[in-house]
Amino acid sequence: MKKKLTMFLSLFFIGIGFLTAQTQVRGTVVDEEGEPAVGATIQIKGTLQGTVTDMNGNFSLSAPTDGTLVISYVGFVTQEVNVSPTVRVVLQSGTRALDEVVVVAYGTVTREAKTGAVSSVSGANISDAPVVSMDKALGGKIAGVSITANSGQPGAASSIRIRGTSSINAGNNPLWVVDGIPVLSFDNSYFMNTGNLLSSINPNDIESITVLKDAAAASVYGSRAANGVILVTTKSGKEGRASFSARARYGASWLANDNGFGVMNAAQLLEYQRDAIRNVGQDPDNPTSTYYRPKEILSRPLTNWLDHVTRTGNLQEYEVNASGSNVRAKYYSSLTYNRTDGVFYGVDMNKITGRMNADYKLTNNLETGTRVNLTYSEGNDVPMQSLYYSNPIFGGMWILPWTPAYDDEGKHNVKIPENSNTNPRATAHYDDQFAKTYQLLGNIYLQWNPISKVTLKTTNAIETVHTEGRRYWAPETSEGIATVQVNMQNYVQLTTSNTATYNDVFFDDHHVRFLLGQEAQKYTGRDLYDYAQGVNPDIPYVQTAPQPGLIAEQWYTARTMLSFFGILDYNYSDKYYLQASLRSDGSSLFGSENQWGTFYSVGASWNIHQEGFMENLDFVNLLKLRASYGLNGNNNISAYRAYGVYANTQYNGATGMLPSRPANPHLSWEKNGTWNVGLDLRVLDRLDANIDVYSRKTSDMLLDKNVPQTTGFSTNFLNIGSLMNRGVELQLGYDIFNTNEFAWQVGANIAFNRTKITDLADNEEIAYSTDGRLRHVVGKSLYTFRLRDYYGVDPTNGDALFRDEQGNLTNDFNKARYVYPASPEPKFIGGFNTSLAWKGFNLGAFFEFKGGNHVMLIERRYLESDGAQMSSNQLLTALNYWKKPGDTGVNPKPLAGNTTQSNNFNTTRFLQRGDYLRVKDITLSYNFPGELLEPIKVKGLKLYVSAQNIYTFHDVDWWDPERGVDGIGYGIYPMTKSFVGGIELSF
Amino acid sequence: MKKIYLLMIVAALLVVSCDDFLDEAPKMQQSTELTLATYTGLNNATFAAYSPLVSTNWYGASFIVDAELRSGNGYRDVDKNSGRYTVPYNFSYTSTATPALWGTAYYVISAVNNVIPELEGKVGVDGVTQQDVDNLRAECLFLRGLAHFDLVRTYAKQYTVDKTSLGVPYVVITDPAGQPARDNVETVYNNIVADLTEAEGLIANGYTRGGVASETSVVSKLAIQALLSRVYLYMGEWQKSADYATTVITSGKYELWEADEYAAAFKEDAQSGGEVIFDVYGLKANSYDGYWEGINWLTRPDGYSDAAASNDLVELYDEGDVRGTMFVQNLDEAPAGTYWTTKYAGKDKGTPDVSNTIVLRLSEMYLNRAEAITRGATVSGVTAVSDLNAIRTKRGASELASAGVNDVLKERRLELAWEGHYWYDLARTKGSVTRVHYSGAEVARNISADSHYWALPINKRELDVNENLVQNPGYDS
């Protein structure tokens with residue numbers, strides 16, 4: 001440790017030798033009409049030092065005599081002028097695409113200067129879509145970034161995969177960095193089905209999101225960068241006088257169902273059952289038959305249970321925000337209320353978010369500021385995410401249409417034997433399942449330019465999450481016994497991030513940026529849980545339960561991390577760029593022998609269009625070749641895995657301690673080495689293209705390795721195993737028309753990724769931890785289904801046929817061979833969009849697609865059971881069954897009480913291609929012209945209507961093709977579609 | 001220059017002191033070092049080492065059920081089974097279908113091996129006496145001996161059959177990187193005897209660990225001596241076996257059950273004053289409780305019911321012998337005609353029920369001594385037939401006039417049926433399995449004395465990761 005410190009300090013002071021002469025600059029900034037530009041930013045190039053213009057467009061500051069000033073103003077081209085005692089700048093309107101600044105790790109970069117694979121989305125593209133959380137807004141927008149909704153529930157978390165999947169036992173979600181601070185992003189659901197910590201940030205507060213995809217861009221985040229890094233920058237005050245805006249939107253939502261999917265009505269089901277009964281030689285009209293299904297059933301009161309458990313969802317959102325600045329201060333603040341009522345009874349999400357971003361210049365070279373986000377959210381839901389009887393999407397499909405919804409007293413009927421006497425509507429009505437979450441994410445920074453070219457910055461952040469959860473089983477739904485479970489969770493993450501940056505230009509053409517940094521982070525998580533059975537329903541709290549019904553548990557975890565890092569950027573004459581980064585991370589998660597890891601990257605790019613030989617090719621605005629290699633890590637494992645521990649054991653009425661896990665002092669990071677080669681092109685100032693090719697190797701993959709049981713343990717968690725991800729990404733944008741009157745843009749992106757397991761140490765194959773139907777097999781994709789080989793129906797008799805070990809057909813399920821037919825991983829993902837602007841009208845459409853993946857529909861075991869389930873409803877698709885010799889491509893002949901295993905859920909029968917093309921968003925908006933609004937003192941007025949997920953093209957026999965990253969997600973809340981209308985007013 | 005000083009101060013602040021910042025030890029579990037650092041921790045760790053005995057891999061189910069199904073005492077009802085336990089009944093053992101005892105027994109061995117060296121230097125701290133430490137050490141040595149004894153008689157040929165053949169690794173130091181080779185059978189037995197006799201010498205007279213629900217489920221000096229009697233019996237050390245049996249019998253601590261106590265004794269919760277010397281305590285709150293996989297549910301006609309009793313066994317009992325009534329037919333929906341043992345019928349603790357598994361009891365001491373005497377041991381005032389009749393008179397069975405080896409072995413089968421003895425008794429006496437009432441694969445009906453099945457296979461997963469381990473003959477490796 002001491003050595004690291006010495007190295008750090010000596011590196012640090014190298015930068016301080018370069019002291020140069022200063023001069024006082026006075027200047028004016030005006031626009032094309034000569035009007036003063038109020039609040040334009042003047043920055044000394046290569047530093048964060050600068051100032052803003054006053055009400056008359058004037059500024060003054062002290063700058064190095066050989067320096068350059070960068071003048072930027074929203075809506076105008078950024079300009080550079082050499083330092084001289086007096087400066088007059090005339091701004092040119094319009095922003096050149098190449099000057100767009102992209103936020104990258106610990107800084108910003110122009111598109112022309114970037115060396116890594118970096119993509120960004122501006123806030124404008126995020127806030128238009130009526131999404132509750134920012135992760136949802138990214139889907140299909142960036143090549144190689146796959147956002148898979150884990151459920152359609154309001155506020156649900158997503159699984160985000162950047163360039164495939166890199167790990168089996170460490171995590172696969174990227175690192176989220178908000179305003180420079182790594183934040184918590186795990187699913188914090190406890191009683192609820194899902195809990196998305198990222199939803200605490202209002203998408204409309206976001207200025208930009210940048211995705212760092214390759215090692216060159218991400219490796220400076222070291223041991224957390226293996227799955228990519230997503231940088232979120234929130235809005236800061238806009239230059240100019242205070243402006244206020246108010247937004248409101250309202251919408252309605254429904255279950256997405258574009259293939260006429262559904263269950264049978266009573267008449268269809270009865271006929272189906274009667275057929276199944278006759279197929280086993282019984283008489284459905286015989287009261288003594290095992291299966292007595294007289295036609296009289298249809299004259300009973302009938303219930304459409306799916307209708308009974310669903311409703312029209314709705315969403316509403318109201319927001320006010322204010323922003324502005326003066327010479328010294330900038331501020332942005334917002335307050336938002338969001339409420340979403342789900343399409344199932346009992347599911348809703350309420351959220352209030354407040355944000356205050358402020359920056360203040362204390363002196364000309366000292367600036368401070370804060371970013372504070374406060375959120376309160378309250379979510380209610382019902383048991384979903386698995387096939388619970390109380391799950392409305394499953395119960396609604398399962399319960400018989402002739403089972404009444406209400407009892408004789410008009411209460412919810414809970415005598416439903418086919419559904420274990422559970423009525424999902426009663427559950428939604430009587431039971432509780434909620435989480436109330438309080439979140440604070442705040443940082444304060446201090447930035448100082450002690451001398452020209454050197455910027456010191458310290459950012460200190462706190463993130464806290466406090467959740468209070470409750471689950472209550474009411475006596476009405478639980479045979480008279482009231483049970484309550486409560487929990488309190490508390491997470492705290494403290495971060496300090498400190499950097500020193502040195503910027504300089506030597507001999508005119510040699511640009512150097514050198515950054516040194518240090519970070520420390522501590523995370524603690526606590527949880528208290530109580531379970532109390534037999535509480536008094538009038539006082540449904542823990543203390544009314546009898547003693548034997550009480551369980552109390554406590555949990556605590558903590559992890560710390562300490563880091564030192566450096567970045568070196570060099571560019572020669574804006575033609576040749578070199579970037580290198582080095583980071584050393586120490587982590588409490590890893591063994592004492594491997595507590596520190598070193599990660600690095602090297603990247604280079606060549607702006608070919610700047611070369612002399614390109615001079616005649618004026619139509620080429622940008623032609624850039626990039627290449628990089630880097631090594632980063634994945635530290636996403638639970639705490640204390642390196643410690644040998646003893647755990648409690650109960651025996652013979654007493655408690656003792658048994659060895660629970662062996663010590664592993666060598667436990668270390670998973671490592672990712674990534675190559676990336678890319679080409680960026682812009683021609684005719686209207687066509688953009690980026691192509692990237694990458695190869696990413698995970699090594700030292702954490703796996704359980706078998707050890708001799710004579711050691712007292714069966715497995716050790718070791719760094720063994722390796723995995724490859726390879727892929728190609730393409731992003732295109734084209735401005736078909738771009739006039740003041742009419743603009744039409746199109747864009748598209750597509751990414752191909754292949755995973756391949758290259759080494760699992762001793763094993764050829766290991767089971768996926770959450771579902772044995774998926775396997776990790778050496779030489780195959782990371783996830784591969786292993787299923788019995790279903791062939792189809794025997795055209796002669798309607799039996800289900802399987803292939804046996806020899807490939808012959810058999811109707812004996814037990815002889816069916818296992819095959820590895822497909823993977824849930826998509827072979828390609830992407831999206832395309834178009835936007836048309838004419839006068840004040842704007843029409844935008846955005847499509848997302850995914851292909852080559854397979855999904856497994858476990859539910860069909862029960863709902864397309866070929867007669868195995870005689871006391872439940874069945875899917876409409878079950879009606880397509882074998883009726884006469886010669887029928888092929890149909891379901892097996894239904895047999896009442898079917899025991900042939902034709903409906904077994906470990907067969908390829910329920911595996912389907914998961915390809916889809918989703919019309920994700922169509923939005924039409926109208927901005928009222930300024931002349932109309934001026935008399936009423938309104939700056940802007942926008943009305944819009946938007947349709948989300950309005951249609952999805954797919955062939956999956958289910959509501960919606962999205963089934964989570966493993967393709968198995970049974971019982972999940974399906975995706976919904978919605979219509980939203982909104983108004984935005986600014987003044 | 002002033003600015004440079006300022007910079008230096010800032011830089012120094014940036015680098016926080018970090019010597020212990022990265023140390024985050026688990027709070028909700030105890031580190032191995034901490035557990036083993038104090039007498040209290042060692043005491044907890046010693047007691048916990050009993051816990052896996054009740055695992056379904058051992059006395060909680062399969063060690064007993066497997067042995068009975070192999071030996072011919074068990075039967076598989078064709079209409080009433082759950083598909084469990086087909087391997088021992090059909091002898092479909094392969095290198096991947098092996099007894100599960102291995103991992104659990106070595107886990108207990110590792111648990112006590114962790115404790116034993118750490119006992120050094122604990123005397124005198126916080127009032128800990130030499131005897132306190134000796135008692136812990138004795139418990140550890142007993143468990144290590146018992147675990148190796150059950151391992152060696154399962155995975156190796158018997159001492160009396162071929163003591164030079166491969167036994168099991170006798171592990172006295174658990175090395176996380178160790179790949180121990182198999183010691184020969186003789187070495188294993190010598191180590192068992194050494195551990196048990198050391199334990200016998202260390203443990204205080206009359207000591208049993210306090211604070212537990214059942215005192216017979218923790219070690220006492222008599223339990224160590226009773227196990228020594230059995231180990232010597234397995235070694236053919238007849239006089240020593242007889243002497244240790246005599247020590248236990250004459251201790252006065254235990255009493256043979258009367259006929260009318262016999263059935264109830266197997267339903268007793270915590271034993272005292274009867275026959276039980278050492279047992280494994282069943283309780284739902286046990287961390288290793290098998291629940292549906294426990295021996296109760298496996299041997300019940302209304303449970304999984306995979307382990308019925310064969311008519312070959314049931315028909316051996318004389319009319320009036322109370323031991324012949326320890327079987328039930330037609331409980332609930334069970335098919336008529338099949339018998340099920342009631343030795344694990346439970347302690348009325350719900351469904352599934354739990355029961356204790358008896359490891360050592362007084363009758364066995366009489367039987368050990370009787371067998372030893374028929375094979376040459378001498379004990380004054382006692383004969384083989386007097387020992388057998390001591391039991392038989394308490395069971396409602398007729399007294400025998402004389403007793404040879406075969407009479408003793410038959411009595412042993414009758415008395416200790418379904419307690420996991422018969423298979424191993426056949427093994428060490430070079431017997432064979434002959435099954436008349438049998439529903440399994442025909443090839444496995446009879447197991448001859450020279451069959452390779454008398455030493456069961458070691459699991460392939462173990463051979464794959466320990467290059468010094470050798471599979472038993474007759475199995476694919």
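Keep in mind the model is a prediction, meaning the values are calculated, not measured.

Caption draft 1: Molecular detail of the overall build of chain A. Looking only at helices and strands, chain A has ten helices and 52 strands in total. Taken against the 2.2 N^0.38 rule, which gives 30 Å for 987 residues, the C-alpha radius of gyration of chain A at 31 Å falls within 12% of a compact globule. Expressed as lengths along the three principal axes of its C-alpha atoms, the size of chain A is roughly 105 × 75 × 65 Å. Across the 987 residues in chain A, those meeting the buried criterion constitute 49%. Long-range contacts, defined here as pairs at least 24 residues apart, represent 69% of the contacts in chain A between residues at least 6 apart.

Caption draft 2: The arrangement of the sheet that holds strand S7 (residues 86–90) of chain A in detail. Residues and elements named next belong to chain A. Ordered in space as S4-S1-S7, the three strands form an open sheet in which the pairing is mixed. In the strand order of this sheet, the two ends are held by strand S4 (58–64) and S7, each with one partner. Going across the sheet, the axis of each strand differs from the next one's by a mean of 30°, ignoring polarity. Here seven bridges tie strand S1 (residues 22–30) to S4, and the two strands are oriented antiparallel to one another. Note that in S4 the partner of Val25 across the bridge is Leu61.

Caption draft 3: Region of interest: the pairing of strand S46 (residues 828–838) of chain A. Residues and elements named next belong to chain A. As judged from the eleven bridges shared by strand S37 (residues 742–759) and S46, these two strands associate in the antiparallel manner. Bridging from a neighbouring strand, Ala743 pairs with Ala837 of S46. The pairing of S46 with strand S47 (residues 841–851) spans eleven bridges and is antiparallel. Each bridged residue has a counterpart across the sheet, and for Phe832 the counterpart in S47 is Phe847. The loop that links S46 with its antiparallel partner S47 comprises two residues; one of these, Lys839, has a positive phi angle of about 50°.

Caption draft 4: Local environment of the pairing of strand S8 (residues 101–104) of chain A. Residue and element names in this part refer to chain A. Bridge count between S8 and strand S9 (residues 107–110): four bridges; the pairing is antiparallel. When the bridges of S9 are listed, Val101 appears paired with Thr110. Counted along the chain from S8 to the antiparallel partner S9, the turn is two residues long, and its residue Tyr106 has a positive phi close to 55°.

Caption draft 5: Spatial organisation of the interface of chain B and chain A. Contacts between chain B and chain A engage 62 residues on the former and 51 residues on the latter. When residues of the side of chain B that touches chain A are traced back to their parent elements, those giving at least two are helix H1 (2–14), strand S1 (30–31), helix H2 (32–35), helix H3 (39–48), helix H6 (101–115) and helix H19 (460–465) of chain B. Its residues placed into classes, the side of chain B that touches chain A shows 34 nonpolar, 20 polar and eight charged. Looking at chain direction, strand S30 (residues 645–651) of chain A and S1(B) are connected through two bridges and run antiparallel. Within S1(B), the position partnered with Tyr646(A) by the bridge is Gln30(B).

Caption draft 6: Layout of the confidence of the model for chain A. Averaged over all residues, the pLDDT of chain A equals 90, while 96% of them reach at least 70. Contacts for the low-pLDDT stretch residues 1–19 of chain A, under 50 throughout, to residues beyond four places or in other chains number 25 contacts.

Conventions adopted
Residues numbered from 1 in each chain as written. Chains lettered and ligands numbered in written order. Predicted model: local features only at pLDDT ≥ 70, side-chain atom pairs only at ≥ 80, totals over all residues. Helix = DSSP H or I, 4+ residues; strand = E, 2+ residues; numbered from the N terminus. Rg over C-alpha atoms; globule rule 2.2 N^0.38 Å. Buried ≥ 20, exposed ≤ 12 C-beta atoms within 10 Å, placed from the backbone. Contact = placed C-beta atoms within 7 Å. Pairing = 2+ DSSP bridges. Axes fitted to C-alpha atoms, helices over the stretch in contact; angles between N-to-C directions. Nonpolar A, V, L, I, M, F, W, Y, C, P; charged D, E, K, R; others polar. pLDDT = per-residue confidence, 0-100.

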